[in-house]
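What follows is each chain in one-letter form.
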Amino acid sequence: MKISGAEMLLESLKREKITHIFGYPGGVVLPIFDALYKDPSLQVILTRHEQAAVHAAEGYARSSNTVGVVLVTSGPGATNTLTGLADANMDSVPLVVITGQVPTKMIGNDAFQEADIIGMSRSCTKHNFLVRKISDLPRIIKEAFYIARTGRPGPVLIDFPKDIILEKAEFHYPETVSIRSYNPTIQGNRWQIRKAAQAILKSRKPVIYAGGGIISSNAHKELLELVNLANIPTTLTLMGLGALPGDHPRFMGMLGMHGTYAANMAIHHTDVLIAVGVRFDDRVTGKIAEFSPNSKVIHIDIDPTSIRKNFHVDVPIVGDARVILKDLIEELREISGGEDAFRHFQPWVAQTSEWEKEHPLKYAYDKEIIKPQYVIEKIYQFTQGDCIVSTDVGQHQMWTAQFFKFIRPNTWLTSGGLGTMGYGFPAAIGAQKAHPGKRVISITGEGSFLMNVQELATVVSLDLPVKIVILNNQYLGMVRQWQEFFYGSRYSSSFIGQSPDFVKLAEAFGAVGLRATRPEQVEDTILDGFSRRGPVLMEFQVDPEENVFPMVPAGGSNIEMIFESPGEKDDPKKRDSILTA
Amino acid sequence: MSEVRKHFVQILVENRFGVLSRVAGLFSARGFNIDSLSVAPGLDPSVSQMTIETQGDDHVVEQIIKQLNKLIDVIKVVDLAEFSFLSRETLLIRVNTNSRPGDRDEAFRIVEIFRAKIIDSSPTTYTFEVTGDEDKIEAILNFLKPLGIKEVIRTGKVAIAREDQRLSGKNASRPHPEGELTLNRP
Ligand SMILES: Cc1cc2nc3c(=O)[nH]c(=O)nc-3n(C[C@H](O)[C@H](O)[C@H](O)COP(=O)(O)OP(=O)(O)OC[C@H]3O[C@@H](n4cnc5c(N)ncnc54)[C@H](O)[C@@H]3O)c2cc1C
Ligand SMILES: Cc1ncc(C[n+]2csc(CCOP(=O)(O)OP(=O)(O)O)c2C)c(N)n1
Ligand SMILES: [Mg+2]
């Protein structure tokens with residue numbers, strides 16, 4: 001039987017076990033939306049902006065280790081996905097994004113709502129496809145899902161012209177994929193794994209530096225096993241939080257620009273750096289010439305381009321983190337002859353604990369004004385970490401990373417690589433869709449929240465019980481902090497005190513709005529907000545001038561952390577270094 | 001830091017819509033240089049063969065090779081710097097032949113020396129086709145300059161590894177008779 005391109009798409013999605021599509025309709029994709037109307041087995045989540053649809057799909061994918069699917073129309077629908085695509089590409093989130101396109105014959109003619117989305121998205125997707133023949137469609141969809149979820153995951157875009165959406169043909173979905181030019185390496189090289197095991201055994205001061213790759217490869221059990229077996233102090237990147245339980249005694253916290261003193265000190269003094277599923281981002285390394293200066297570096301990563309991109313590596317191992325960690329653990333067991341072999345790490349472990357005590361993460365509680373960190377601590381205490389948390393970008397993001405303990409992987413959703421304000425709230429919507437019974441919290445700033453505020457309509461209309469926590473400091477806080485430290489406190493365009501009345505705003509959309517203005521109201525507001533059924537927005541009016549510490553001034557060495565405002569009012573040297581807020 | 005060197009990178013790609021812009025886009029997006037580029041279908045029509053002449057230190061070239069390999073449509077990447085290889089380029093050159101008496105004879109002599117071919121002529125110009133390695137091309141252009149070069153169209157370089165010449169690193173290459181001949185001719 002012949003079916004249309006639109007029906008083929010839906011059939012193919014079902015073969016890929018897809019149940020949810022985040023999207024927004026428009027001209028050329030109407031036949032697909034029409035087919036969806038008739039097919040209740042695929043649920044469409046209508047967001048109120050295409051960018052939000054992509055972030056929601058990211059939240060869905062990352063919280064459940066599956067591929068997120070997006071469907072939008074041509075032209076503006078397609079271009080609105082670009083920020084989301086770039087975000088997913090940077091943070092290695094598996095997505096399949098389907099954009100409508102004008103009919104094949106009209107491509108290139110500046111037709112109504114035509115955009116060269118293939119050209120535009122080339123550098124912010126893992127791969128993209130233009131469907132040129134209906135007979136190619138099933139293979140393209142199969143390959144798109146395969147490419148999105150295997151190797152280093154990422155977004156794949158399929159541009160689907162209207163004539164092919166309508167054309168009818170026989171449907172045969174391929175059972176298997178084989179792409180001769182794409183074969184990610186999974187198994188690590190045995191010999192390299194042995195070399196890594198020997199280096200670890202010989203070391204006196206090893207450190208594990210793990211990140212997003214642990215989450216993507218589902219390697220948290222193996223990571224925990226390795227840490228426990230050899231008792232190795234461990235730090236995680238922003239993208240890796242939850243890969244090792246946040247309350248594990250060997251977990252030193254996040255490293256890097258806003259990382260802990262202990263983590264940065266340990267990285268600086270280690271003799272064997274075990275880097276797993278990380279990409280030596282500049283927010284992590286600071287001044288690269290002074291990063292981990294005396295270590296032998298083992299780097300496990302599935303993407304060869306991550307290895308030696310920014311930093312030297314002595315023992316590169318290309319492959320899947322989970323598979324390689326298993327082999328590495330086995331190898332360590334074999335050549336060490338038991339846990340006693342790791343006894344000599346003890347003084348080093350003691351040293352890292354010493355550093356943790358020397359400068360723990362801290363803030364000064366205040367009776368008069370709400371400290372943002374206090375709100376986060378209270379949410380952690382209330383939830384016991386049993387929830388999914390998303391953030392936007394800024395100070396509130398760093399405080400959440402520091403003060404919330406992520407116990408499980410896939411419960412922490414944040415935009416790390418692109419740092420996209422507006423990511424958090426839609427990502428929470430996606431996570432809530434994937435986990436209807438779970439508590440999902442969107443911690444955000446009053447600046448970021450307004451970048452996708454329209455999604456209040458989505459949560460209300462779908463009755464999604466997402467809890468929104470706005471830490472309102474009246475500033476684009478992260479920008480203000482840099483201006484305070486490096487631009488003589490000239491708060492150029494960072495004061496945004498004229499925010500809307502967030503309580504009324506929530507109510508206007510049909511959600512519940514609550515507000516806390518004093519420290520003693522924090523716990524009650526949390527209790528009240530979190531015990532309600534539907535979507536609730538909680539605004540906490542916090543100290544406008546609170547800063548994120550520790551901080552490694554951009555371009556500085558990681559051990560030059562500061563714990564209070566530097567006081568040097570105008571510092572062109574620091575501010576004009578290569579990195580910016 | 002290792003030194004910046006010239007590299008020829010051979011890329012075998014799927015012969016598909018948009019592949020060239022993927023490769024070219026990667027070079028521009030990552031700030032790598034393209035000094036010359038040539039593309040044509042391979043023996044198997046489902047693949048295309050690209051030769052890109054680029055430069056960079058070892059670290060940069062390692063990233064170029066890895067990033068190219070990462071493109072889904074790229075089947076194989078070979079950095080010819082690991083081999084002994086031959087490179088050639090073809091030029092179509094139009095020169096004036098009537099500025100001074102004797103120019104036409106001079107042009108004809110140069111054609112002979114470089115084993116170029118006259119493929120078109122007019123009362124005031126000759127058009128040559130010439131193929132050679134970098135030194136030969138540079139030499140013929142120098143010889144022709146005094147006549148007055150009106151136009152030069154270049155194919156960009158193509159390169160091929162020598163048979164059984166897999167060399168480890170920077171070993172000197174064994175001279176190849178044909179290669180040396182063209183090189184030392186003028
Ligand atoms: C305001 C702001 C401040 C920030 N400050 C910090 C900070 O202080 N500290 C910090 O850490 N980050 C910080 N970041 C985040 C930072 O920009 C990077 O996003 C982050 O450090 C990258 O994390 P990652 O190295 O784990 O790599 P990811 O971006 O998560 O990449 C994952 C890596 O794992 C590999 N991988 C994927 N799948 C597998 C697999 N199956 N097997 C093996 N490997 C795999 C990938 O190839 C890649 O190399 C900040 C971001 C913002 C917006
Ligand atoms: C889309 C986008 N535009 C600009 C920035 C630069 N930027 C980074 S943090 C920040 C401030 C965010 O303010 P807010 O959401 O209020 O969070 P706060 O830092 O105050 O907690 C800005 C403007 C960005 N990351 N993303
Ligand atoms: Mg703010």
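We now turn to the structure provided with this report.

Here we come to a nonpolar patch on the surface. Residues and elements named next belong to chain B. Together, Leu-92, Ile-119 and Ile-153 line one region of the surface with nonpolar side chains, adding up to about 240 Å² of accessible area. Tracing the backbone through its elements, the reader meets Leu-92 in strand E5 (residues 83-96). Taking the relative accessible area as the measure of exposure, Leu-92 reaches 35% and is therefore partly exposed.

Taken as a whole and assessed by the stated rule, the structure comprises 28 aromatic pairs over all chains. Look at Tyr380(A) and Phe404(A): their rings are 5.2 Å apart centre to centre, the planes differ by 80 degrees, and that puts the pair in the edge-to-face class. Taken together, the residues span a long stretch of sequence, with Tyr380(A) in helix H16 (residues 372-383) and Phe404(A) in the loop between helix H17 (395-403) and strand E16 (412-413) at a distance of 24 residues. For the pair Tyr380(A) and Phe404(A), one class covers both residues: buried. On the basis of an interplanar angle of 35 degrees and a centroid distance of 6.4 Å, the ring pair of Tyr126(B) and Phe128(B) is categorised as tilted. Phe128(B) sits in the buried class, given a relative accessible area of 0%. Counting every residue linked through ring pairs, the aromatic cluster contains Tyr209(A), Phe280(A), Phe291(A) and Phe311(A). A cation over an aromatic ring shows up here: Arg480(A) above the ring of Tyr475(A), its NZ or CZ 5.5 Å from the ring centre.

What follows covers the coordination of the magnesium ion (ligand 3). Metal coordination angles in their ideal form are 109.5 degrees for the four-donor tetrahedron and 90 or 180 degrees for the six-donor octahedron. Residues and elements named next belong to chain A. Coordination of the magnesium ion (ligand 3) by the protein involves Glu-446 (OE), Glu-446 (OE), Asn-473 (OD1) and Tyr-475 (O), with metal-donor separations of 2.1 to 2.7 Å. Viewed at the metal, the six donor atoms of the magnesium ion (ligand 3) are separated by angles of 50 to 178 degrees, and the geometry they form is irregular. The motif formed by the donor residues of the magnesium ion (ligand 3), counted along the single chain, is E-x26-N-x1-Y. Of this pair, Glu-446 sits in helix H19 (residues 446-449) while Asn-473 sits in the loop between strand E18 (467-472) and helix H21 (477-486), and the two are 27 residues apart along the sequence.

Residues and elements named next belong to chain A. Read from one edge to the other, the open sheet built from six strands follows the order E16-E15-E17-E18-E20-E19, with strand pairing classed as parallel. Each end of this open sheet is capped by a strand with a single partner; those strands are E16 and strand E19 (512-516). Inspection of the sheet shows E18 paired to strand E20 (residues 536-541) by six bridges, in the parallel sense. Looking at E20, one finds that Val-469 is bridged to Met-538.

This next bit is on the sheet that holds strand E13 (residues 296-301) of chain A. In sheet architecture, strand pairing relies on hydrogen bonds along the backbone and comes in two forms, parallel and antiparallel. Residue and element names in this part refer to chain A. Strand order in the open sheet formed by six strands is E11-E10-E9-E12-E13-E14, with parallel pairing between adjacent strands. Bordering the open sheet on either side are strand E11 (251-254) and strand E14 (315-318), each of which pairs with just one other strand. Within the sheet, the average angular offset between the axes of one strand and its neighbour, ignoring direction, is 15 degrees. In this sheet, E11 lies alongside strand E10 (residues 234-236) in parallel orientation, the contact comprising two bridges. Along E11, the bridge assignment pairs Thr-234 with Phe-251.

All names here are of chain A. Structurally, Phe-382 is set in helix H16. Along the chain, Phe-382 and Val-479 lie 97 residues apart, while their C-alpha atoms are 30 Å from each other. If we skip the residues at most four places from it in the chain, Phe-382 touches Arg-439, Ile-526, Leu-527 and Phe-530.

Tracing the backbone shows Ser21(B) in helix H1 (residues 19-29). Each C-alpha atom of the pair Ser21(B) and Ile34(B) lies 13 Å from the other, and the pair is 13 residues apart in sequence. Only 2.8 Å separates the side chain of Ser21(B) from the side chain of Arg122(A), close enough to count as a polar contact.

All names here are of chain A. You can see Lys-467 is positioned in strand E18. Lacking a salt bridge, the buried Lys-467 has Asp-463 as its closest oppositely charged neighbour, with an N-O distance of 8.4 Å. In terms of polar contacts, Lys-467 uses its side chain to reach the backbone carbonyl oxygen of Pro-465, at 2.9 Å. Leaving out residues up to four positions away in the same chain, Lys-467 has contacts with Val-440, Ile-441, Ser-442, Gly-529, Phe-530, Arg-532, Arg-533, Gly-534, Val-536 and Met-538.

When we look at burial in H1(B), the residues that qualify are Val19(B), Arg22(B), Val23(B), Leu26(B) and Phe27(B). Burial along H1(B) is one-sided: seen end-on, the buried residues are contained in an arc of 130 degrees. In H1(B), the exposed positions angled more than 90 degrees off the buried face are occupied by Ser28(B) and Ala29(B). Close packing links the buried residues of H1(B) with strand E6 (127-130) of chain A together with strand E1 (5-14), strand E3 (47-56) and helix H2 (58-70) of chain B. One or two steps after H1(B), the chain reaches Gly31(B), where phi turns positive at roughly 70 degrees.

Attention now moves to the pattern of salt bridges. Under the definition given, this model contains 45 salt bridges over all chains. A salt bridge links Glu14(B) to Arg180(A); the shortest N-O distance between them is 2.7 Å. Taken together, the residues Glu14(B) in strand E1 and Arg180(A) in the loop between strand E8 (168-170) and helix H9 (190-202) connect one chain to another. According to the relative accessible area criterion, Glu14(B) is buried, its value standing at 7%. In this structure, Glu62(B) engages Arg308(A) in a salt bridge whose closest nitrogen and oxygen atoms are separated by 3.4 Å. Taken as a pair, Glu62(B) in helix H2 and Arg308(A) in the loop between E13 and E14 lie in two separate chains rather than in one. Residue class for Glu62(B) comes out partly exposed when judged on its relative accessible area of 26%. The class for Arg308(A) is partly exposed, based on a relative accessible area of 30%. Here the residues in one salt-bridge network are Lys133(A), Asp136(A), Arg139(A) and Glu143(A), joined through shared partners.

Before going further, it helps to examine the site of ligand 2. Residue and element names in this part refer to chain A. In the neighbourhood of ligand 2, 17 residues make up the surrounding shell, with Gln-395, Gly-419, Ser-448, Tyr-475 and Gly-477 lying closest. At 3.3 Å, a side-chain N or O of Glu-446 approaches an oxygen atom of ligand 2. The side chain of Asn-473 places a nitrogen or oxygen atom 2.9 Å from an oxygen atom of ligand 2. Relative to its unbound accessible surface of 590 Å², ligand 2 loses 80% to contact with the protein. A breakdown of the residues in the shell around ligand 2 according to their chemical character gives seven nonpolar, nine polar and one charged.

Here we come to the site of ligand 1. Residues and elements named next belong to chain A. Thr-237, Leu-255, Arg-279, Asp-301 and Ser-306 are the nearest of the 37 residues found near ligand 1. Separating an oxygen atom of ligand 1 from a backbone N or O atom of Gly-277 is a distance of 3.1 Å. Take Asp-320: an N or O atom from its side chain is 2.8 Å from a nitrogen atom of ligand 1. Coverage of ligand 1 by the protein amounts to 97% of the 990 Å² it exposes when considered alone. Broken down by secondary-structure element, the contributors of at least two residues to the shell around ligand 1 are helix H10 (212-216), helix H13 (282-285) and H17.

Turning to the pairing of strand E17 (residues 440-445) of chain A, a few remarks are in order. Residue and element names in this part refer to chain A. Within E17, six of the six residues are buried, which leaves the element mostly enclosed by the surrounding structure. Here E17 shows a buried face lined by Val-440, Ser-442 and Thr-444 and a second buried face lined by Ile-441, Ile-443 and Gly-445. Taken together, the four bridges between strand E15 (residues 388-391) and E17 define a ladder with parallel strand orientation. Its bridge partner lying in E17, Val-389 is registered against Ile-441. Taken together, the five bridges between E17 and E18 define a ladder with parallel strand orientation. Opposite Ile-441, over in E18, you have Lys-467 as the bridge partner.

Criteria and thresholds
Residues numbered from 1 in each chain as written. Chains lettered and ligands numbered in written order. Predicted model: local features only at pLDDT ≥ 70, side-chain atom pairs only at ≥ 80, totals over all residues. Heavy atoms only, no water. Patch = residues over 30% accessible without salt bridge, like charges linked within 9 Å, V, L, I, M, F, W, Y side chains within 5 Å. Areas by Shrake-Rupley, 256 points an atom, 1.4 Å probe, with all protein chains shown as cover. Salt bridge = Lys/Arg side-chain N within 4 Å of Asp/Glu carboxyl O. Helix = DSSP H or I, 4+ residues; strand = E, 2+ residues; numbered from the N terminus. Buried < 20%, exposed > 50% of the residue type's maximum accessible area, 1.4 Å probe, protein only. Phe/Tyr/Trp six-rings, centres within 6.5 Å; stacked < 30°, edge-to-face > 60°. Lys NZ or Arg CZ within 6 Å of the ring centre and 35° of its normal. Donors = N, O, S within 2.8 Å, 3.2 Å for Na, K, Ca; no water. Tetrahedral: all angles 85-135°; square planar, octahedral: opposite > 155°, others 65-115°. Pairing = 2+ DSSP bridges. Axes fitted to C-alpha atoms, helices over the stretch in contact; angles between N-to-C directions. Contact = heavy atoms within 4.5 Å. Polar contact = N/O pair within 3.5 Å; in protein donor to acceptor, adjacent residues only side chain to side chain. Lys, Arg positive; Asp, Glu negative; His and termini not counted. Arc of directions from axis to C-beta. Near = heavy atom within 4 Å. Nonpolar A, V, L, I, M, F, W, Y, C, P; charged D, E, K, R; others polar.

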